[in-house]
Amino acid sequence: MLAFLSKFFHFKERNTSLGIETLAGLTTFVTISYIAIVNPAVLQKAGMDFDGVFVATLLATIVGTLIMGVVANYPIAIAPSVGMHAYFAFVIVLGMGISWHTALGSVFWASLIFLALSLTGFREALIKAIPTSLKAGITSGIGLFIAFIGMQNAHLVEPSSATIITLGNFSKPIAYMSLIGLFVTIVLLVHRVKAAIFLGILITALLALLLGHLKLPEHLFELPKHCDSTFFKLDLLGALKLDLGAVIFTFFLVMLFDTTATMIGVAQQANLMQGDRFLNAKSALSADAIASAVGAIAGTSPTSTYIESGAGVSVGGRTGFTCVIVALLFASLIFLAPLAKALASVPAITSPALIIVGFMMMSHLGEIDWNDLEEALPAFFVFFWIPISFSITNGVGIGLIVYPLIKIVLGKFKQVHPLLYLFGALFVVQFVIDMHG
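These remarks concern the structure in this document. This is a predicted model, so every value here is computed, not measured. (Residues numbered from 1 in each chain as written. Predicted model: local features only at pLDDT ≥ 70, side-chain atom pairs only at ≥ 80, totals over all residues. Heavy atoms only, no water.)

1. Some remarks on the overall build of the protein chain
Counting secondary structure elements, the protein chain contains 20 helices and six strands. Against the compact-globule benchmark of 22 Å for 437 residues, the protein chain has a radius of gyration of 21 Å, which places it among compact chains. Principal-axis analysis of the C-alpha atoms gives the protein chain an extent of 65 × 60 × 55 Å. Across the 437 residues of the protein chain, 57% fall into the buried class. For the protein chain, the share of sequence-separated contacts (at least 6 apart) that also reach a separation of at least 24 residues comes to 81%. Put simply, the protein chain shows about 18,000 Å² of open surface, and 70% of that area lies on carbon and sulfur atoms. A distance of 6 Å separates the average location of the 21 positive side-chain charges in the protein chain from that of its 21 negative side-chain charges. (Helix = DSSP H or I, 4+ residues; strand = E, 2+ residues; numbered from the N terminus. Rg over C-alpha atoms; globule rule 2.2 N^0.38 Å. Buried < 20%, exposed > 50% of the residue type's maximum accessible area, 1.4 Å probe, protein only. Contact = heavy atoms within 4.5 Å. Areas by Shrake-Rupley, 256 points an atom, 1.4 Å probe, with all protein chains shown as cover. Lys, Arg positive; Asp, Glu negative; His and termini not counted. Charge placed at Lys NZ, Arg CZ, Asp CG, Glu CD.)

2. Quick word on the pattern of salt bridges
If charged atoms from side chains of opposite charge come close, those side chains can pair. Applying the stated criterion across every chain yields a total of four salt bridges. A salt bridge links lysine 407 to glutamate 375; the shortest N-O distance between them is 3.2 Å. Here glutamate 375 lies in helix H18 (residues 373–389) and lysine 407 lies in helix H19 (residues 392–409), a separation of 32 residues in the sequence. With respect to class, lysine 407 is no different from glutamate 375; both count as buried. Within this structure, Glu374, Glu375, Lys407 and Lys412 form a network of salt bridges that share partners. (Salt bridge = Lys/Arg side-chain N within 4 Å of Asp/Glu carboxyl O.)

3. A short note on the nonpolar core
In this structure, Met68, Phe88, Ile142, Phe251, Phe278 and Phe330 are the most contacted members of the largest nonpolar core, which totals 126 residues. Residue contributions to this core peak at 12 residues, all from helix H12 (residues 245–269). Discounting residues that sit within four places of it in the chain, phenylalanine 251 has contacts with Met84, Tyr87, Phe88, Ile92, Ala103, Ser106, Val107, Ala110 and Pro302. (Core = buried A, V, L, I, M, F, W, Y, C linked by side-chain atoms within 4.5 Å.)

4. Quick notes on empty space enclosed by the protein
A complete count under the given rule lists one cavity of 30 Å³ or more for this structure. Considering only enclosed or pocket space, the largest cavity measures out at about 60 Å³ in volume. Lining the largest cavity are Asp51, Phe54, Val55, Glu222, Leu223, Pro224, Lys225, Ile334 and Ala337. For the lining of the largest cavity, the element with the highest residue contribution is helix H4 (residues 50–71), accounting for three residues. Among the residues making up the lining of the largest cavity, the classes are represented as six nonpolar, no polar and three charged. (1 Å grid on protein atoms, 1.4 Å probe; cavity = no way out; pocket = protein on both sides within 12 Å on 5 of 7 lines; lining within 4 Å. Points joined across faces, edges and corners; volume = space filled by probe spheres on them. Nonpolar A, V, L, I, M, F, W, Y, C, P; charged D, E, K, R; others polar.)

5. Description of helix H8 (residues 132–153)
With 22 residues, H8 ought to run about 32 Å at 1.5 Å a step, and its terminal C-alpha atoms sit 31 Å apart, in line with that. Counting buried residues along H8, 16 of its 22 residues qualify, which places the element largely inside the surrounding structure. Phi turns positive one or two residues past the end of H8, at histidine 155, with a value near 65°. (Expected span 1.5 Å × (residues − 1).)

6. Quick word on helix H20 (residues 418–435)
Taking 1.5 Å of rise per residue, the 18 residues of H20 would be expected to cover 26 Å, and the 26 Å separating its terminal C-alpha atoms lies within 8% of that figure. Turning to H20, its buried residues number three or more, namely Leu419, Leu420, Phe423, Gly424, Phe427, Gln430 and Phe431. Down the axis of H20, the buried side of the element spans an arc of 130°, and every buried residue falls inside it. (Arc of directions from axis to C-beta.)

7. A closer look at the environment of phenylalanine 9
Position of phenylalanine 9 relative to the elements: it lies in helix H1 (residues 2–9). The class of phenylalanine 9 is buried, set by a relative accessible area of 4%. Put simply, phenylalanine 9 and serine 81 are 72 residues apart on the chain and 27 Å apart in space, counted from C-alpha to C-alpha. The contact partners of phenylalanine 9, leaving out residues within four places of it in the chain, are Gly69, Val70, Asn73, Thr319, Gly320, Phe321 and Val324.

8. Quick word on the packing of H8 against helix H17 (residues 351–361)
With their axes 7 Å apart at the nearest point, H8 and H17 run at an angle of 160° to one another. If you check the angle between H8 and H17, you find them roughly antiparallel. Of the two elements, H8 crosses H17, and the hand of that crossing is left-handed. Residues Thr139, Ser140, Ile142, Gly143, Leu144, Ile146, Ala147, Ile149, Gly150, Met151 and Asn153 of H8 form the contact with H17, whose participating residues are Ser351, Leu354, Ile355, Val357, Gly358 and Met361. (Axes fitted to C-alpha atoms, helices over the stretch in contact; angles between N-to-C directions. Parallel < 35°, antiparallel > 145°, perpendicular 65-115°, else oblique. Left-handed = near helix turned anticlockwise from the far one by under 90°.)

Spelled out as structure tokens, the structure:
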């Protein structure tokens, strides 16, 4: 069996092993397992049943992550998008007054368009069209975004009416446990311990348990409940009858650029890009489209590739077997909902990992020639705007607008790939819609 797995997933060629891949899978799972609780908690506010969405979240994650791992052989996990569930619940359902059944229908149609473009090679062409400087800006911007999210979850920074954001109160349990976990992880990293991030997570969890901030559930196992409350409840005809063009377009645009940018970032971090080539691109890019369609049928918002996959990559994950482990662990959550809720209730357990992964991804800033202003300025705006706007898509959009404009004023418009002009124009339209929405 070991020989088969090694050959199938190319362990030797990618300088990894079964043990390393298993550890990477465990690490990625621990850093993204919060979505199993956060996603249904948010969609519950849109009138959906928590338990139904919980199972739908796991199903979409398992399907997309397995396809990514087994077919595309990438260590990049897929799960319902954090940003999109908020857009789904608060903007579409509660803000626009559209039923969640119809909203699920619009997700399904957007997913089919997404899948068609992935299978035709359109998204692969888009990856090749994005200049190296922008790719580096995207990867580094995502890294800063991850670190910022980690800092917020850890309560190391807090909102401020005077300065927008300020230092958190380090005397609070979540903050000081996060600081201890971060320090432990840093010590392990500088000593070149390969499992540093995973061990940091375990030590922080143990600390939370000893201090009484992590309470284990009375029972670990529980059968899935209320699956029929969301399964096959999407309203496909309603989504077509309503004037949902802007909704479907927004779903599509975010799915396209959030997922594509994250794939580029994690693949670069794992050294799996061959220049501008993304190997097994169609399979990898189709995985999240299929997962989103399955999720809409089961009852959840669109999926995306997860930036937290970088945590698994940072401990050595280089193949799809990392995703197989992630999928199996998410499958186990179907019967371990009580334990999942307990772990997800203490953000200090995963926050240090996000901060460290963000630091690692920012190393790609070195790939930008800062003396070449026409390349460096668009990359800077991408890097800056992703965390500031709290959106990967907004950051990428700014870059795809600024880059062609600079080339045009320099008379170098022929150096810009036609796809960049197309999406630059689409982003202008999207930003105008957002301003008047």
